[in-house]
Amino acid sequence: MAASPADTAPAAPRAQRDRTHYLYIAVIAAVALGIAVGLIWPDAAVELKPLGTGFVNLIKMMISPIIFCTIVLGIGSVRKAAKVGAVGGIALGYFLVMSLVALAIGLVVGNVLHPGDGLHLTDALRKSGHAQVESHALPPVDFVLSIIPNTFVSAFTQGQVLQTLLVALLAGFALQAMGPAGQPVLRGIEHLQRLVFRILSMVMWAAPVGAFGAIAAVVGSAGVDALKSLAVLMLGFYVTCFLFVFLVLGALLRIVAGLNVFSLFKYLAREFLLILSTSSSESALPRLIAKMEHLGVSRPVVGITVPTGYSFNLDGTMIYMTMASLYIADALGTPMSVGEQIPLLLFLLLASKGAAGVSGAGLATLAGGLQSHKPALVDGVGLIVGIDRFMSEARALTNFAGNAVATVLVGTWTKEIDKDRVRRVLAGEVPFDETTLLDEGRPSVSETPQARAEDLVKA
């Protein structure tokens, strides 16, 4: 008797269970444990800081190769260079406008709250403020020159995002000009990208250890008493960031793309948790690139908007520098008039771009900007040193949210987004592969119908 088709058909492969949700439950538990250790054994907790630093450094190690692969594949898959230029121009224009909006919102809230009134500055705090003045905020000409790496390889070894961006753009346009001859190189870079993302998924399992060390060290060094006198500034800053993200960015996302900001942030919940535990938005940059591509935004838009946004779209940093400047001026008993505030804040807007990608650049950029524009205020930077790490969490979360929304908006404006896929992904119908961080089933750059058709024409 012949076997029926049902008998001979191969068994469907069993779907692998997603065990990564245990990882993020562990991160939450590690954060709670870190807070407890920081409060009970503060001296020992401070010594745990290398655990958090080591984890963040592991993530940063992956940023340059991921940005390079993403941008090269994105540009290499586009047959017209003008499209890439249009995406970059729209993204930079949007970043400038939103930075100004964030500055304005921080300005309004700072003038309403006046959180620095009644504080007193000690000599110790004065010295601490001056210690933050570093050379991170470069003058405009030096900043532009710093984007050019010393060698092709040093762009990857020095960890400079903008240098990697420049090299990747050059490589992408070169492969684009090579046409069919460049397809083998693109396929090789695709395989390299798979390797890099697989390494990243392995590194992520160290997240609970990094979160525990980072939170314990912060709580142990700052303590509870050190935060009481600065609670108004912290609360005002967190509320301002919340309003900016959910009112300003949420309204833009609804009007332009027709999406609910809560649905988008639910999709990115694990990245927000990772940032909250490490106080670094860079820790989620590789995952944001992978998730935006999975969401349905085209590779060129993701490859250009996300890395550029991490350097130029720092909404949380803009709000922070605005409110911190007003706080310091009030605390020193020299409140600034609106006529003094606007030039200072526009100066800080430019200075922050020169400090892009520098770890802890918010405080150093603020101190450096005040030193250059209004030196009398540098003394007061010491007032916020103790809580800068707590405020950096809100900065990082806001910066990340701004870049996620920006990627969707730029994709919508350039018509480089699959709206049907966006709807299905946000509805949970197309889950993100946490194991590879890539869509293995999607066609490669050289296998797309457009690429095959154009290669036939050239042949």
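Structure: above.
Quick caveat: nothing in here was measured; it's all calculated off a predicted structure.

Moving on, we come to the overall build of the chain. When helices and strands are tallied, the chain shows 24 helices and 0 strands. Counting only residues that meet the buried cut, the chain has 52% of its 459 residues in that class.

Within the structure shown, the criterion is met by 9 aromatic pairs. Between Phe 272 and Phe 400, the aromatic rings sit 5.1 Å apart at their centres with planes inclined by 85°, giving edge-to-face as the arrangement. Here Phe 272, found in helix α15 (residues 269–278), pairs with Phe 400, found in helix α22 (residues 388–413); they are 128 residues apart in sequence, far enough to count as distant. Of note, Lys 291 hangs over the ring of Tyr 267, and the distance from its end group to the ring centre comes to 4.8 Å.

Right, let's talk about helix α10 (residues 183–203) for a bit. Between the first and last C-alpha of α10 there are 30 Å, a value that for 21 residues agrees with the 30 Å anticipated at 1.5 Å per step. Where α10 is concerned, the buried positions are Gln 183, Leu 186, Ile 189, Glu 190, Gln 193, Val 196, Phe 197, Leu 200, Ser 201 and Val 203. Taken around the axis of α10, the buried residues stretch over an arc of 150°, which confines them to a single face. Facing away from the buried side of α10 by over 90 degrees, the exposed positions are His 191 and Met 202.

Another aspect to go through is the pattern of salt bridges. A complete count under the given rule lists 7 salt bridges for this structure. Notably, a salt bridge pairs Glu 293 with Arg 299, separated by 3.6 Å at the nearest N-O pair. With a relative accessible area of 11%, Glu 293 lands in the buried category. Note on Arg 299: relative accessible area 21%, which makes it partly exposed. For Glu 429, the salt bridge identified is with Arg 423, shortest N-O distance 3.9 Å.

Here we take up helix α23 (residues 419–426). One turn of an α-helix holds 3.6 residues; hence residues three or four places apart share an orientation. Every buried residue belonging to α23 is among Arg 421, Val 422 and Val 425, and all of these are buried. Across the axial projection of α23, the buried residues extend over an arc of 105°, all falling on one side. For α23, the elements touching its buried residues are α14 (261–267) and α16 (285–295). The N-capping residue of α23, defined by a side-chain oxygen 3.2 Å from the backbone nitrogen of Asp 420, is Asp 418.

Right, let's get into the environment of Phe 95. Within the fold, Phe 95 resides in helix α5 (residues 81–113). We classify Phe 95 as buried; its relative accessible area is 1%. Each C-alpha atom of the pair Phe 95 and Gly 402 lies 9.2 Å from the other, and the pair is 307 residues apart in sequence.

A few words now on a nonpolar patch on the surface. A surface patch of nonpolar side chains, amounting to about 420 Å² of accessible area, comprises Leu 96, Leu 100, Val 338, Ile 342 and Leu 346. Of all the secondary structure elements, the ones that give two or more residues to the nonpolar patch are α5 and α19 (338–354). Per element, the largest residue contribution to the nonpolar patch is 3 residues, and it comes from α19. Along the chain, the position of Ile 342 falls in helix α19. Accessibility expressed as a relative area gives 41% for Ile 342, which makes it partly exposed.

On to unusual backbone geometry. Even without a glycine there, the phi angle at Lys 415 is positive, about 55°. Within the fold, Lys 415 resides in the loop between α22 and α23. On the basis of relative accessibility, which here comes to 71%, the residue Lys 415 falls in the exposed class.

At their nearest, the axes of α16 and helix α17 (residues 299–312) sit 10 Å apart, and the two run at 155° to each other. One way to sum up the angle between α16 and α17 is to call them roughly antiparallel. α17 is crossed by α16, and the crossing has right-handed handedness. Note on element contacts: α17 touches α16 through Arg 299, Val 302, Val 306 and Tyr 310, opposite Leu 285, Leu 288, Ile 289, Met 292 and Glu 293. Here the residues of the contact of α16 with α17 sort into 7 nonpolar, no polar and 2 charged.

What counts as what
- Residues numbered from 1 in each chain as written.
- Predicted model: local features only at pLDDT ≥ 70, side-chain atom pairs only at ≥ 80, totals over all residues.
- Heavy atoms only, no water.
- Helix = DSSP H or I, 4+ residues; strand = E, 2+ residues; numbered from the N terminus.
- Buried < 20%, exposed > 50% of the residue type's maximum accessible area, 1.4 Å probe, protein only.
- Phe/Tyr/Trp six-rings, centres within 6.5 Å; stacked < 30°, edge-to-face > 60°.
- Lys NZ or Arg CZ within 6 Å of the ring centre and 35° of its normal.
- Expected span 1.5 Å × (residues − 1).
- Arc of directions from axis to C-beta.
- Salt bridge = Lys/Arg side-chain N within 4 Å of Asp/Glu carboxyl O.
- Contact = heavy atoms within 4.5 Å.
- Polar contact = N/O pair within 3.5 Å; in protein donor to acceptor, adjacent residues only side chain to side chain.
- Patch = residues over 30% accessible without salt bridge, like charges linked within 9 Å, V, L, I, M, F, W, Y side chains within 5 Å.
- Areas by Shrake-Rupley, 256 points an atom, 1.4 Å probe, with all protein chains shown as cover.
- Axes fitted to C-alpha atoms, helices over the stretch in contact; angles between N-to-C directions.
- Parallel < 35°, antiparallel > 145°, perpendicular 65-115°, else oblique.
- Left-handed = near helix turned anticlockwise from the far one by under 90°.
- Nonpolar A, V, L, I, M, F, W, Y, C, P; charged D, E, K, R; others polar.

Geometric descriptors of this kind do not, in isolation, establish any biological role.
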